[in-house]
Amino acid sequence: KLFGLVPSVPPAVPVSDPVIPPIDSVPVTFFDAAFEYTMVNEGGYSDVPEDRGGKTNYGIIESEYARWLGRPVTETDMRNLTKTVAKQIYFKWYWSPLHIDRITAKNVAIALFDRAVLNGLTGCSRHVRVVLGYEEKSNGDSANFDGLIAAVNKMDPITFVMKLADRCEAKHRRVVELDRSQARF
């Protein structure tokens, strides 16, 4: 338990999937809410030629799923990726490295997780640094992000989320100005 919350447990994973510690063995805090929020835009299979990540399912790109499985993936593998496995990947590779479980405001935790999924760990860290008034520079080490948690928790949650959204929208506009094919993403 963390902050008096009891984590929910996702359905059991088939034996053929990689084994990671059960989600209920670690504090989850706002993870379920963040995951479901992000799935509104990331849920489902897509294979759009303009998508730089290639085939995607639940927001998990081909190269990421191949790394998870430890082998190249086929289109069938991507289509058969389950929401449960996607949730495990997100918890292990996005939520945990950024120490989002230490965030005290639910809306901030959701915003940080969503940004990490959309912009990667380094991109999320850079956005947070700028919102907090620090240098954008980040070497991608999640330990750098861990040092920002206290500052994030001290900031008014609504102000933080709005500034983060403004920062990310401005960044997306710059990407689209350079490559109009990215407007739909």
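Note that the coordinates shown come from a computational prediction; the quantities given were computed from them, not determined experimentally.

Caption draft 1: Layout of the pattern of salt bridges. Scanning all chains against the criterion turns up 6 salt bridges. Of the charged contacts in the structure, one is a salt bridge between Asp-32 and Lys-87, with a shortest N-O distance of 2.7 Å. Residue Asp-32 is found in helix H1 (residues 31–42), and its partner Lys-87 is found in helix H4 (residues 83–95); the two are separated by 55 residues along the sequence. Across the pair Asp-77 and Arg-71 runs a salt bridge, and its minimum N-O distance is 2.8 Å. According to the relative accessible area criterion, Asp-77 is buried, its value standing at 18%. Given the relative accessible area of 38%, Arg-71 is considered partly exposed.

Caption draft 2: Up close: the sheet that holds strand E2 (residues 56–57). Strand order in the open sheet made by the 3 strands is E1-E2-E3, with antiparallel pairing throughout. In this open sheet, the two strands that pair with only one neighbour each are strand E1 (45–46) and strand E3 (60–61). Relative to E2, E1 runs antiparallel, the two sharing 2 bridges. Bridge assignment links Ser-46 to a residue of E2, and that residue is Thr-56.

Caption draft 3: Spotlight on the nonpolar core. Tyr-65, Tyr-90, Trp-95, Leu-112, Phe-113 and Phe-160 are the most contacted members of the largest nonpolar core, which totals 44 residues. Breaking this core down by element, the ones donating at least two residues are H1, helix H2 (62–69), H4, helix H5 (106–131), helix H7 (149–154) and helix H8 (157–178). Broken down by element, this core gets its largest block of residues, 11 residues, from H5.

Caption draft 4: Representation of H5. Its 26 residues place the ends of H5 only 18 Å apart at the C-alpha level, less than the 38 Å of an ideal helix rising 1.5 Å per residue. The sharpest bend along H5 measures roughly 120° and falls at Asn-119. Directly after H5, the chain includes Gly-133, whose backbone phi takes a positive value near 90°.

Caption draft 5: Molecular detail of the packing of H1 against H4. Running from N to C, H1 and H4 cross one another at 115°; their axes reach a closest spacing of 11 Å. Judged by the inter-axis angle, H1 sits roughly perpendicular to H4. Of the two possible hands of crossing, H1 and H4 adopt the one that is right-handed. In this structure, H1 contributes Phe-31, Asp-32, Ala-34, Phe-35, Glu-36 and Met-39 to the contact, and H4 contributes Lys-83, Ala-86, Lys-87, Tyr-90, Phe-91 and Trp-95. Its residues assigned to classes, the contact of H1 with H4 shows 8 nonpolar, no polar and 4 charged.

Caption draft 6: Looking closely at H4. A rise of 1.5 Å per residue sets the reference length of H4, with its 13 residues, at 18 Å; its end C-alpha atoms lie only 16 Å apart and thus fall more than 12% short of the reference. Among the 13 residues of H4, 11 are classified as buried, and the element is accordingly described as predominantly covered. For H4, the set of buried residues is Thr-84, Val-85, Ala-86, Lys-87, Gln-88, Ile-89, Tyr-90, Phe-91, Trp-93, Tyr-94 and Trp-95. Buried residues along H4 sit in contact with H1, E3, H2 and H5.

Caption draft 7: Layout of the packing of aromatic side chains. Counted under the stated rule, the structure contains 9 aromatic pairs. With centroids separated by 5.2 Å and ring planes inclined at 80°, the aromatic side chains of Trp-68 and Trp-93 adopt a geometry described as edge-to-face. With a gap of 25 residues between them, Trp-68 in helix H2 and Trp-93 in helix H4 connect regions that are remote in the sequence. Grouping residues by exposure puts Trp-68 and Trp-93 together as buried. Site record: aromatic cluster; members linked through ring pairs are Phe-31, Phe-35, Tyr-90, Phe-91, Tyr-94, Trp-95 and Phe-113. Here the guanidinium or amino end of Arg-67 rests over the ring plane of Trp-93, the centre of that ring lying 3.6 Å away.

Caption draft 8: Local environment of the confidence of the model for the chain. Of the residues in the chain, 75% reach a pLDDT of 70 or more, and the chain-wide mean stands at 79. Ignoring residues within four places in sequence, the model shows residues 1–28, a span with pLDDT below 50, making 38 contacts including any to other chains.

Reading guide: rules and limits
- Residues numbered from 1 in each chain as written.
- Predicted model: local features only at pLDDT ≥ 70, side-chain atom pairs only at ≥ 80, totals over all residues.
- Heavy atoms only, no water.
- Salt bridge = Lys/Arg side-chain N within 4 Å of Asp/Glu carboxyl O.
- Helix = DSSP H or I, 4+ residues; strand = E, 2+ residues; numbered from the N terminus.
- Buried < 20%, exposed > 50% of the residue type's maximum accessible area, 1.4 Å probe, protein only.
- Pairing = 2+ DSSP bridges.
- Core = buried A, V, L, I, M, F, W, Y, C linked by side-chain atoms within 4.5 Å.
- Expected span 1.5 Å × (residues − 1).
- Bend = angle between axes of the 7 residues up to and from the residue.
- Axes fitted to C-alpha atoms, helices over the stretch in contact; angles between N-to-C directions.
- Parallel < 35°, antiparallel > 145°, perpendicular 65-115°, else oblique.
- Left-handed = near helix turned anticlockwise from the far one by under 90°.
- Contact = heavy atoms within 4.5 Å.
- Nonpolar A, V, L, I, M, F, W, Y, C, P; charged D, E, K, R; others polar.
- Phe/Tyr/Trp six-rings, centres within 6.5 Å; stacked < 30°, edge-to-face > 60°.
- Lys NZ or Arg CZ within 6 Å of the ring centre and 35° of its normal.
- pLDDT = per-residue confidence, 0-100.

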